[in-house]
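Single-letter residue listing:
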Amino acid sequence: MKKIVTRFAPSPTGFMHIGGVRTALYSYLYAQKMGGDFILRIEDTDKSREVKGSIAHIQESLTWLGIDWKYGPDKPGPFGSCLQSDRLDIYKKYAQTLVDKGLAYPDPYTNEELEAFREQAKAEKRPFLYREHRPETFGVWDGTKPLRFKVSEVKRYHWTDAVRGELEAGEEMLDDIIIIKADGYPTYNFAHIVDDHEMEVTHVMRGEEFIASTPKFLSLYDALEIPYPVFVTMPPIMAADGKKKLGKRDGAKDLLEYRTEGYLPEAMVNFLALIGWNPGTEQEVFGETELIETFTLEKIQRSGGAFNEEKLLWMNKEYLQKLSTEDFAKYVKDALPETITSLPLFTEQTLLKLAPSIQERVHSKAEITQAAEEGEYSWAFSTPKVDPALVQWKKDESPKDALPRLQKALELLTDADFSTADTIKSAVWDYAEEVGRGELLWPLRVSLTGRERSPDPFTCAFVVGKEEALLRIQSILNSI
Ligand code: GLU
């Protein structure tokens, strides 16, 4: 069987948006699944649109997601460079074969003449077709004029798409298109066909905006006597409501912004994979290997897949929970503002002890930063000022009623083993059952944190450590 080769072929014209990344991911997954190659080809033939730094940015984005290319801008293949601007001679060679067959010719018109043809078509309310002005005899191509393809068969084309099935489109798209521009660079229409052939690409995966142009491409494949690859049309990505295509205002932003916001690459990959593909089961969380194993072209949807940020957050939480405590503590540290990391009791060790209670709940870095700014974690890293009134557990109690209980807890904790929250719990649990859980645990927790809401008192005592915990209880006893 022929080796499967897929490619992602971005133009270096700016940031990596979600749609592009998803195409790259599907192409990569399919190549991996089939034991094939995935190529990253940079389509930099329109120098006026190129944005500096985009190539590095594309590579960084894919690398972040763990999408690795066999050949790419940094790794030429047996076919040469993966940058189209390095391959001009190859396109010229292919163009020359068309010239030799009488299937390509230099455009003899000036821009003004072409403009006049266009105006004329407009005035007559019909579409402008260059082929209606094709010169009778072809001049010699010396590279100074655009080279045009002579489309010989003006007909309806039919082809099969692995996702959309039988497709057809017509002659209105067929024209004598430019294949090599006057600056020596090829057009996308021409270059991608030559490259896909040279790079032995078997599956061309791209967005639905290319369907309408496919007859144009097919007429070129035929003229070049190149067999068609398998076309795989990606479903469009829709806004969360599923009604319109995802636009900038619906959150279509640069992929790397998600990294900054604290999304894990594994969560992003899993999330992207499910926009427009589903395995046909209820399963939603897939590790990379599992994704590769499960991925098939048959399960790519025809219709649009919704980009739902809430689902992404949910997915991120799933993956955050899989992190080791050490890795999660690092994640938290990155999210903490300096007002927290500069607190007097802040140490990596304390953070490590606090991390699991945060890990249970959060979805993103932003949530951690916000909670930190609202003071949710400050008790762990600095001795809180406790309002004695907060110690009051029930309406009809006074804070003083809690005194004997806290006194007893202090005694029990003085002798307790502080190596885990559980050992701390065992030291006071029987007593809590005796006097009432809330009656003991509430004032105890408040004395440790000064807050109405926080993790349970055992976790809090464990986080701050024995010495500090005892000091805090003593201090509230003194102030009541
Ligand atoms: N350079 C094209 C783009 O960025 C690639 C399309 C294709 O995959 O053929 O849209």
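Residues numbered from 1 in each chain as written. Predicted model: local features only at pLDDT ≥ 70, side-chain atom pairs only at ≥ 80, totals over all residues. Heavy atoms only, no water.

Asks: Quick rundown of the overall build of the protein chain? Include the residues and the values.
Replies: Tallying secondary structure elements over the protein chain gives 20 helices and eleven strands in all. Here the C-alpha atoms of the protein chain give a radius of gyration of 32 Å, more than 25% beyond the 23 Å that 2.2 N^0.38 yields for 480 residues. Once the C-alpha set of the protein chain is aligned to its principal axes, its extents read approximately 105 × 50 × 40 Å. For the protein chain, the proportion of its 480 residues judged to be buried stands at 52%. The long-range fraction of contacts in the protein chain, counting pairs at least 24 apart against all pairs at least 6 apart in sequence, stands at 76%. Total accessible area on the protein chain is roughly 22,700 Å²; 50% of this is exposed by carbon and sulfur atoms. (Helix = DSSP H or I, 4+ residues; strand = E, 2+ residues; numbered from the N terminus. Rg over C-alpha atoms; globule rule 2.2 N^0.38 Å. Buried < 20%, exposed > 50% of the residue type's maximum accessible area, 1.4 Å probe, protein only. Contact = heavy atoms within 4.5 Å. Areas by Shrake-Rupley, 256 points an atom, 1.4 Å probe, with all protein chains shown as cover.)

Asks: Any details on the site of the ligand? Residues and values, ideally.
Replies: By nearness alone, every residue bordering the ligand is listed as Arg7, Ala9, Pro10, Ser11, Glu43, Tyr188, Arg206 and Phe210. In this structure, Ser11 approaches the ligand through a side-chain N or O atom, which is 3.0 Å from a nitrogen atom. The contact in question runs from a nitrogen atom of the ligand to an N or O atom on the side chain of Glu43, over 2.6 Å. Relative to its unbound accessible area of 300 Å², the ligand is 78% covered by the protein chains. Class assignment of the residues belonging to the shell around the ligand gives a composition of four nonpolar, one polar and three charged. (Near = heavy atom within 4 Å. Polar contact = N/O pair within 3.5 Å; in protein donor to acceptor, adjacent residues only side chain to side chain. Nonpolar A, V, L, I, M, F, W, Y, C, P; charged D, E, K, R; others polar.)

Asks: So, helix H10 (residues 309–320): which residues are in play, and what are the values?
Replies: The end-to-end C-alpha distance of H10 is 16 Å, a good match for the 16 Å that twelve residues give at a rise of 1.5 Å each. When H10 is considered as a whole, its buried residues turn out to be Leu312, Met315, Asn316, Tyr319 and Leu320. In a view along the axis of H10, the buried residues occupy a sector of 140°, so they form one face of it. Measuring from the backbone nitrogen of Glu310 back to the side-chain oxygen at the start of H10 gives 3.0 Å, which picks out Asn308 as the cap. (Expected span 1.5 Å × (residues − 1). Arc of directions from axis to C-beta.)

Asks: How would you explain the environment of Glu43 if you had to name every residue and give the values?
Replies: Within the secondary structure, Glu43 sits in the loop between strand E2 (37–40) and helix H2 (54–65). Sequence separation between Glu43 and Lys400 is 357 residues; the distance between their C-alpha atoms is 75 Å. Contact partners of Glu43, with chain neighbours within four places excluded, come to Ala9, Pro10, Ser11, Pro12, Gln84, Tyr188 and His192. In terms of polar contacts, Glu43 uses its side chain to reach the side chain of Arg41, at 2.9 Å.

Asks: Any chance you could break down H2 for me, citing the residues and the numbers?
Replies: Its twelve residues place the ends of H2 17 Å apart at the C-alpha level, agreeing with the 16 Å of an ideal helix rising 1.5 Å per residue. Check the buried side of H2 and you find it contacts strand E1 (5–8), helix H1 (18–33), E2, helix H7 (255–260) and helix H8 (265–273). Where H2 terminates, the next one or two residues include Gly66, which has phi positive at roughly 80°.

Asks: Explain the packing of aromatic side chains to me, and be specific about the residues and the numbers.
Replies: Inspection of every chain in the model, using the stated rule, returns 18 aromatic pairs. With centroids separated by 5.4 Å and ring planes inclined at 55°, the aromatic side chains of Tyr188 and Phe210 adopt a geometry described as tilted. On the criterion of sequence distance, the pair formed by Tyr188 in helix H5 (residues 188–198) and Phe210 in the loop between strand E8 (203–206) and helix H6 (214–224) is long-range, its members being 22 residues apart. Using a relative accessible area of 24% as the deciding quantity, one classes Tyr188 as partly exposed. (Phe/Tyr/Trp six-rings, centres within 6.5 Å; stacked < 30°, edge-to-face > 60°.)

Asks: Hey, could you go over the side chain of Gln59 for me, with residue numbers and the actual values?
Replies: By the secondary structure assignment, Gln59 is in helix H2. If near-sequence neighbours (up to four positions away) are discounted, Gln59 is found in contact with Leu40, Trp69, Pro73 and Asp74.

Asks: Please provide a residue-by-residue account of the environment of Glu298, values included.
Replies: By the element assignment, Glu298 lies in the loop between helix H9 (288–294) and strand E11 (305–306). Remark: the alpha-carbon pair of Glu298 and Arg164, spanning 134 residues in sequence, is separated by 10.0 Å.

Asks: So what's going on with the pattern of salt bridges? Which residues, and what values?
Replies: With the rule as written, the count across this model stands at 30 salt bridges. Between Lys330 and Asp327 there is a salt bridge; the shortest N-O distance is 3.6 Å. A residue pair is termed a helical-turn pair when its members lie 3 or 4 positions apart in one helix, as Lys330 and Asp327 do in helix H11 (residues 325–335) at three residues. You can call Lys330 exposed: its relative accessible area is 56%. Across the salt bridge formed by Glu397 and Arg405, the nearest N and O atoms sit 2.5 Å from each other. Three or more residues are tied together by salt bridges with common partners; here these are Arg7, Arg41, Glu43, Arg87, Asp195 and Asp196. (Salt bridge = Lys/Arg side-chain N within 4 Å of Asp/Glu carboxyl O.)

Asks: Run through the pairing of strand E5 (residues 157–161), naming residues and quoting values.
Replies: Looking along a regular strand, one sees the side chains alternate between the two faces of the sheet. Taking every second residue as pointing to the same face, the buried face of E5 carries Tyr157, Trp159 and Asp161, while none of His158 and Thr160 on the other face is buried. Examined bridge by bridge, E5 and strand E6 (residues 165–169) share five bridges and lie antiparallel to one another. Bridge pairing in E6 places Asp161 opposite Gly165. Following E5, the chain reverses through three residues before pairing antiparallel with E6. (Pairing = 2+ DSSP bridges.)

Asks: If you had to explain the sheet that holds strand E3 (residues 104–106) to someone new, which residues and values would you point to?
Replies: Sheet architecture is open: three strands sit in the order E3-E4-E7, paired in antiparallel fashion. The open sheet has two free edges, formed respectively by E3 and strand E7 (178–180), since each of these has just one partner strand. On average, each strand axis in the sheet is inclined to that of its neighbour by 40°, with strand direction left out of account. Of the strand pairs in this sheet, strand E4 (residues 147–149) and E7 are connected by two bridges, and their pairing is antiparallel. Among the inter-strand pairings, Leu147 is bridged to a residue of E7, identified as Ile180. (Axes fitted to C-alpha atoms, helices over the stretch in contact; angles between N-to-C directions.)

Asks: Would you mind going over the pairing of E8 in detail, with residue names and values included?
Replies: Of the two faces of E8, both are covered, the one formed by His203 and Met205 as well as the one formed by Val204 and Arg206. Where E8 and strand E9 (residues 230–233) come together, four bridges link them in parallel fashion. Pairing of Arg206 across the sheet is with Thr233, part of E9. The parallel pair E8 and E9 is bridged by H6, and the resulting crossover is right-handed. (Right-handed = clockwise from strand over helix to strand, strands pointing away.)

Asks: Help me get a handle on the side chain of Thr350, residues and values and all.
Replies: Here Thr350 is to be found in helix H13 (residues 348–359). Residue class for Thr350 comes out buried when judged on its relative accessible area of 11%.

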